Amino acid sequence: MPTFPKSSLSACLAVFKSWGPAVLWMGLIFSASADSQSVAHTSRIISPFCHWLFPNITFDQVETIQFIVRKGAHMSEYALLGVLLLYALAAGKGDARKWLSSAWMLSVAYAAADEFHQSFVPGRNASVVDVGIDAAGAALGLLAAAQFLRLRTQRREAQPPEPQAGPQAEPTTLLSAPESAPVQRPSYADQLLYTLEGQDFENRTQVRLAVQDRLQREHGGRLILGRSREEAQLCLKNTSVSGRHLALTYRSGQFEIEDLGSSNGTRLNGRKLTPMRPALLADGDRIEAGEVLLHFRRLA
């Protein structure tokens, strides 16, 4: 019996987790559009309810209510589809808001394909108006998702950084911190034993960047991390990382990290750094450069 590598199985499960809900919902939309009696099914529910609620209601009024309910259902199902596609596209890739337009275009493309499919179903016909309604529904769903993500980001930025777990965790201290908050200052011998390691969520690969003696001996106590091979000594191939993203500095017995005005920002233990304002690094600190998560650790 053939066996599959664990890495391949994990990758398949990750893809299924991301795209499974969207694909399942698309299948439900497809099956509903293939039902030639869908209008009759809807009228069997809406018409008796309207007559029960309003005994003197006219046939034309019932037809209007049924039209509104059906088109509202169209908008709702494509609003959900847009959100599910956004989740699938942005899974594990940082800020999901960058994928809003892609999710909307995929939703509209599927709406057009679904209307084309209906032209082959007896008793149903394709409608450009329905495509527009579906597109509006997807846009509303994605706007709601964008607002939710914006509020969640604001709450995260407003919260203080969480303490790191483990005996080696150290709180982050800014250079402007009062002298009453002492910072562990590693010696030059210690700084040769530090490394950056973590995960690149865009390329789904493990990252390990050895700081070690390169920081002091080769680069005068300062290393640039970024995407540009010409300008950065520690190079990451990730589109969320700027050409010159951040700098690591070792001076006066301390490690410092500084955002160099990067496009997607740098976070230290969950708190966004102010560009061009250095902050002190300690063993166990968590660094987010765009979509790349790194841990600053001392090697055993």
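The structure this text deals with has already been given above.
Presented here is an overview of the structure given in this document. Here the structure is a predicted model, which is why all the values come from computation and not from measurement.

Running from N to C, helix α3 (residues 59–90) and helix α4 (residues 100–118) point in directions that differ by 130°, and their axes come no closer than 8 Å. Between α3 and α4, the crossing angle belongs to the class labelled oblique. For the crossing formed where α3 meets α4, the hand is right-handed. The segment α3 lies against α4, with H74, Y78, L81, G82, L85, L86 and L89 engaging L100, S102, A103, L106, S107, Y110, A111, D114 and E115.

Within strand β10 (residues 285–289), 4 of the 5 residues are buried, leaving the element largely enclosed by the surrounding structure. Inspection of the sheet shows strand β7 (residues 266–268) paired to β10 by 3 bridges, in the antiparallel sense. In the sheet register, R267 faces β10, and the bridge partner there is E288. As paired strands, β10 and strand β11 (residues 292–298) are joined by 5 bridges and run antiparallel to one another. Paired with E288 across the strands is L293, a residue of β11. Count of turn residues in the β10/β11 antiparallel hairpin: 2 residues, of which G290 carries a positive phi of about 65°.

Even without glycine at this site, N269 takes up a positive phi of about 55°. Overall, the relative accessible area of 5% leaves N269 in the buried class. We note that M276 has phi near 65°; this positive angle belongs to a residue other than glycine. Along the chain, M276 falls in the loop between β8 (271–272) and β9 (279–281).

Calculation notes
Residues numbered from 1 in each chain as written. Predicted model: local features only at pLDDT ≥ 70, side-chain atom pairs only at ≥ 80, totals over all residues. Heavy atoms only, no water. Axes fitted to C-alpha atoms, helices over the stretch in contact; angles between N-to-C directions. Helix = DSSP H or I, 4+ residues; strand = E, 2+ residues; numbered from the N terminus. Parallel < 35°, antiparallel > 145°, perpendicular 65-115°, else oblique. Left-handed = near helix turned anticlockwise from the far one by under 90°. Contact = heavy atoms within 4.5 Å. Buried < 20%, exposed > 50% of the residue type's maximum accessible area, 1.4 Å probe, protein only. Pairing = 2+ DSSP bridges.

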